[in-house]
Amino acid sequence: MAEAHDRAADTAEATQTIKILITDRIAHEGIDLLRAQLPEAQIDERPGLKPEQLKAAIGDYHALIVRSETQVTAEVLAAATNLKIVGRAGVGVDNIDTEAATRQGIIVVNSPTGNIIAAAEHSIAMLMSLARHVPGANASMKAGKWEKSRFLGVEVRNKVLGVVGLGKVGMAVARRAQGLEMQIIAFDPFVAPEQARKNGVTMLSLEELLQQADFITLHTSLTSGPNGTRGLIGEHELSLMKPGARLINCARGGLIDEAALLKALEEKHIAGAALDVFSQEPIRDNETLKQLVAHERVIVTPHLGASTEEAQIGVATDVAEQVVTVLRGDFPRAAVNAPLILSETLKILQPYMSLVEKMGRLYTQLQPGPLSKIELSYNGDIANYDLRPLQAALIKGLLESVSDAHVNMVNAQVIAKEWGLEIVEQKSSTPAEFANQVTLRVVSTNGYASSLAGKAGTDNEQIEVLSGTVMHGIPRIVRVGRYWPEFVPEGYILFCRNPDQPGMIGRVGGILGKVNVNIHRMDVGPSTRKRHHTQQDSPDVALMVISVDDPIPNWALDELSKTGDIIGVTMVKF
Ligand SMILES: NC(=O)c1ccc[n+]([C@@H]2O[C@H](COP(=O)([O-])OP(=O)(O)OC[C@H]3O[C@@H](n4cnc5c(N)ncnc54)[C@H](O)[C@@H]3O)[C@@H](O)[C@H]2O)c1
Ligand SMILES: O=C(O)[C@H](O)COP(=O)(O)O
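Cut-offs used in this document
- Residues numbered from 1 in each chain as written.
- Chains lettered and ligands numbered in written order.
- Predicted model: local features only at pLDDT ≥ 70, side-chain atom pairs only at ≥ 80, totals over all residues.
- Heavy atoms only, no water.
- 1 Å grid on protein atoms, 1.4 Å probe; cavity = no way out; pocket = protein on both sides within 12 Å on 5 of 7 lines; lining within 4 Å.
- Points joined across faces, edges and corners; volume = space filled by probe spheres on them.
- Helix = DSSP H or I, 4+ residues; strand = E, 2+ residues; numbered from the N terminus.
- Axes fitted to C-alpha atoms, helices over the stretch in contact; angles between N-to-C directions.
- Parallel < 35°, antiparallel > 145°, perpendicular 65-115°, else oblique.
- Left-handed = near helix turned anticlockwise from the far one by under 90°.
- Contact = heavy atoms within 4.5 Å.
- Nonpolar A, V, L, I, M, F, W, Y, C, P; charged D, E, K, R; others polar.
- Phe/Tyr/Trp six-rings, centres within 6.5 Å; stacked < 30°, edge-to-face > 60°.
- Lys NZ or Arg CZ within 6 Å of the ring centre and 35° of its normal.
- Near = heavy atom within 4 Å.
- Polar contact = N/O pair within 3.5 Å; in protein donor to acceptor, adjacent residues only side chain to side chain.
- Areas by Shrake-Rupley, 256 points an atom, 1.4 Å probe, with all protein chains shown as cover.
- Domains from an automatic or database assignment.
- Buried < 20%, exposed > 50% of the residue type's maximum accessible area, 1.4 Å probe, protein only.
- Salt bridge = Lys/Arg side-chain N within 4 Å of Asp/Glu carboxyl O.
- Pairing = 2+ DSSP bridges.
- Arc of directions from axis to C-beta.
- Lys, Arg positive; Asp, Glu negative; His and termini not counted.

Visitor: Honestly, the layout of surface pockets in this entry has me stumped. Any pointers?
Guide: Sizing a probe to match a water molecule and rolling it over the atoms shows the empty space that remains. Estimated volume of the second largest pocket: approximately 380 Å³. In terms of lining residues, the second largest pocket is bounded by 21 residues, among which His133, Gly136, Phe151, Glu296 and Arg297 are the most central. Of all elements in the fold, only α6 (116–132), α7 (134–142), α13 (287–294) and β12 (298–300) reach the threshold of two or more residues within the lining of the second largest pocket. Here the element with the most residues in the lining of the second largest pocket is α7; it accounts for 4 residues.

Visitor: So what exactly am I meant to see when it comes to the packing of helix α15 (residues 343–366) against helix α16 (residues 388–400) here?
Guide: Each pair of packed helices gets described by two things: the angle between the helix axes and the distance between those axes. It is the contact of α15 with α16, at a shortest axis distance of 7 Å, that shows an interaxial angle of 30 degrees. Here α15 is positioned roughly parallel relative to α16, judged by the angle of their axes. Two packed elements cross with a definite hand, and for α15 against α16 that hand is right-handed. The segment α15 lies against α16, with Leu349, Tyr352, Met353, Val356, Glu357, Gly360, Arg361, Tyr363 and Thr364 engaging Pro389, Leu390, Ala393, Leu394, Lys396, Gly397, Leu398 and Glu400. Its residues assigned to classes, the contact of α15 with α16 shows 10 nonpolar, 3 polar and 4 charged.

Visitor: Just to check I follow, could you spell out the packing of aromatic side chains for this structure?
Guide: Given two aromatic rings, their pairing is described by the distance between the two centres and the angle made by the two planes. Overall, the coordinates contain 1 aromatic pair when judged by the stated rule. Their ring planes at 75 degrees and their centres at 5.5 Å tell us that Phe487 and Phe495 sit as a pair that is edge-to-face. The ring of Tyr61 carries Lys19 above its face, with NZ or CZ at 4.7 Å from the centroid.

Visitor: Could you clarify how one ought to interpret the site of ligand 1 in this entry?
Guide: Contacts to ligand 1 come from 26 residues, most closely from Lys168, Val169, Asp188, Cys250 and Asp276. For ligand 1, a nitrogen atom lies 2.9 Å from a polar atom in the backbone of Cys250. One of the side-chain nitrogen or oxygen atoms of His303 is found 3.4 Å away from an oxygen atom of ligand 1. Starting from 860 Å² of accessible surface for ligand 1 in isolation, the protein chains cover 87%. When residues of the shell around ligand 1 are traced back to their parent elements, those giving at least two are α6 and α8 (168–179). Broken down by class, the residue content of the shell around ligand 1 amounts to 12 nonpolar, 10 polar and 4 charged.

Visitor: It is not clear to me how the site of ligand 2 should be interpreted in this structure. Could you clarify?
Guide: Taken together, Arg67, Ser68, Arg88, Ala89, Gly90, Val91, Gly92, Asn115, Arg252, His303 and Ala306 make up the full set of residues adjacent to ligand 2. Take Arg88: an N or O atom from its side chain is 2.9 Å from an oxygen atom of ligand 2. Protein chains shield 90% of the accessible area of ligand 2, which is 310 Å² for the free molecule. In terms of residue class, the shell around ligand 2 is built from 3 nonpolar, 5 polar and 3 charged.

Visitor: Sorry, what's going on with the domain arrangement of the protein chain here?
Guide: Frequently, the measure chosen for interface size is the accessible area that the parts lose on association. For the protein chain, the assigned domains read domain 1 (7–113 + 310–327), domain 2 (116–300), domain 3 (341–482) and domain 4 (486–574). Summarising the inter-unit geometry, the C-alpha centres of domain 2 and domain 4 are found 74 Å apart.

Visitor: How should I be thinking about the environment of Gln16 in this particular structure?
Guide: With respect to the element layout, Gln16 can be found in the loop between α1 (2–15) and β1 (19–22). Exposure remark for Gln16: the relative accessible area of 24% places this residue in the partly exposed category. Along the sequence, Gln16 and Asp60 sit 44 residues apart, while their C-alpha atoms lie 9.7 Å from each other.

Visitor: What exactly am I supposed to notice about the environment of Phe487 here?
Guide: Relative to the elements of secondary structure, Phe487 occurs in the loop between β17 (474–480) and β18 (492–499). Expressed as a C-alpha distance, the spacing of Phe487 and Pro389, which sit 98 residues apart in the sequence, is 23 Å. Look past the residues within four positions of Phe487 in its chain and what remains in contact with it is Leu362, Pro475, Arg476, Ile477, Val480, Ile493, Phe495, Val545 and Phe574.

Visitor: Looking at this model, I keep getting lost on the pattern of salt bridges. Mind explaining?
Guide: Here the idea is simple: oppositely charged side chains can pair when their charged atoms come close. Summed over the entire model, instances satisfying the criterion amount to 19 salt bridges. Ionic pairing is found between Arg150 and Glu296, a salt bridge with its closest N-O pair at 4.0 Å. With Arg150 in the loop between α7 and β6 (160–164) and Glu296 in the loop between α13 and β12, the pair connects residues that are 146 residues apart, well separated along the chain. Where Glu235 meets Lys263, a salt bridge forms, and the shortest distance between an N and an O atom there is 3.0 Å. In this pair, Glu235 is assigned in helix α11 (residues 235–240) and Lys263 in helix α12 (residues 258–266), connecting sequence segments 28 residues apart. On the basis of relative accessible area, Glu235 is assigned to the partly exposed category, the value being 49%. Each of Glu357, Arg361, Lys396 and Glu400 takes part in one network of salt bridges that share partners.

Visitor: It is not clear to me how the sheet that holds strand β5 (residues 107–110) should be interpreted in this structure. Could you clarify?
Guide: Spatial ordering of the open sheet is given by β2-β1-β3-β4-β5, a layout of 5 strands whose pairing is parallel. The open sheet has two edge strands with one neighbour each: β2 (42–45) and β5. Averaged over all pairs of adjacent strands, the angle between strand axes in this sheet comes to 15 degrees, irrespective of strand direction. Bridge analysis of β1 against β2 gives 4 bridges, and the strand direction is parallel. Considered in β2, the bridge of Leu21 is made with Asp44.

Visitor: Hey, could you run me through helix α18 (residues 504–514) in this one?
Guide: For an α-helix the count is 3.6 residues per turn, leaving residues at separations of three or four pointing the same way. Along α18, the residues that are buried comprise Met504, Val508, Ile511 and Leu512. The buried side chains of α18 occupy one side of the element, clustering within an arc of 100 degrees when seen end-on. Exposed residues lying more than 90 degrees from the buried face of α18 are Gly506 and Lys514. Next to the buried residues of α18 lie β18, β19 (519–525), β20 (541–548) and α20 (554–562). Trailing α18 by a residue or two, Asn516 shows a phi angle of about 60 degrees, which is positive.

Visitor: Hey, could you run me through the side chain of Asp24 in this one?
Guide: Note on placement: Asp24 falls in the loop between β1 and α2 (28–37). Buried Asp24, no salt bridge; nearest opposite-charge side chain is Arg67, N-O distance 6.3 Å. Those residues in contact with Asp24, other than ones at most four positions away along the chain, are Pro47, Ile65, Val66, Arg67, Ser68, Glu69 and Thr70.

Now the structure itself:
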């Protein structure tokens, strides 16, 4: 959470210089911004590292900045001991194991719009180059030839452009192609046909698009899995294309079955292809790609879609700003693996995040045993906010006090799932006992006696409910099980269950005095029955809550627990 980041960043600044590693070339404007905002930081530029070298180098860096060449694998991330953020100076994050980063609580950010126009313009350049054989004609003339008849081209006006993936780049390409008086059709399962129609684009199925388009340009993200886009254009799809059609790919190499493309070109089923991206980058030992690159009707560029001055300044400064934001303990604007939380919202939620985290710590120390299903209820105005940070805070409080898990906004859900912990949220803007109140209720108790239960066999007191609120920015617990104390959850707190009768405070105070424990705050929480003045058929039990300066030695706790009237006693550390 921001608080944790603050601590981490402060710790880093206090005891260790913030270290930033840049392993792909980014515009110097991004580096200048880092130096200006983090003047004490150590910034290392090391382009061209191989995976093993990066694994050895990542060490205690706090931030890693890449483009598309660096492969940020799970092994590289596992070797990082201090990494808070991976910044992708561009759009695609398929070179980053975002699932592994999430599991480790490492935020991944990108620059979702910094190079869109550059990519769109490159796609149009590739389209026109294909239509008029510009690169081939250029090479021919440079070789001293004059081959007018060899390079007869086609006009794109009134031709059909099929856009696969009508996202930011795809839409920008469509708009530019409309300027060339092309007819635009598209396939994108996540874009509403009406929305496309408003932009002069007709949505079709992929099969229809392949059969109708004269030029096809790919602009989907590269995703794997059963519905993924990897291999989207394979042998079957290529066979559906109009004879003489042309294919452009400035998205990701993995979208096309490159062997099938080579075959379709050799059979002259398609007239040409223009490729800016490849399944292997840089091309080293892939024979199919070498043949594609050499093919006379294939135009190739080395992943230049984003390589303009304007785009590179844009993505570099965009990512540098987000790296600074995260290292300063706030949330970035373009996190790929964490929810977007506006900083002003975060400021309002901060004390509630602290409250809920402490409720989690309190619960696991009062009610040990396996966690299962917990209901988190919010009452009051607080219920109107995006409360995902609070759920992450609860998971942090619950799990960090019983494990060495490092939980934050990024990995909270993943870690909770690994622990079999399910959290169900209830929201109501109607206040409960307090104007803004958070209540943790164990839906399925774990059957274990609480650490407040009496001696074996005397009673099996369980703590199934905790409630808290925030007063003047300070978290307060206002309910523990069936008791209603009010206390600030901080430091060391002693909890005593005892008969609700005169003299108990003096007796407990006397014992603590004997063991030289200083009390700096005390509260007695009546039980629900007494609080609601309901009829009672047995002497009531109260919960004494005693904030002490230092931890109480176990022998003193034993001493207290042997004191006649005390039923159960335990100490909690927040
Ligand atoms: N060559 C370059 O230098 C360069 C530059 C920028 C972006 N890119 C790449 O271009 C691609 C698009 O970038 P963007 O910013 O437009 O992304 P985007 O997320 O805005 O758009 C991707 C589109 O693909 C669509 N899509 C997803 N699955 C699909 C499927 N199975 N079939 C059809 N459409 C599908 C999505 O609905 C979305 O509209 C990304 O892979 C990005 O990495 C390359
Ligand atoms: O996804 C992207 O942003 C582009 O493919 C650009 O990649 P690059 O930063 O390696 O040029």
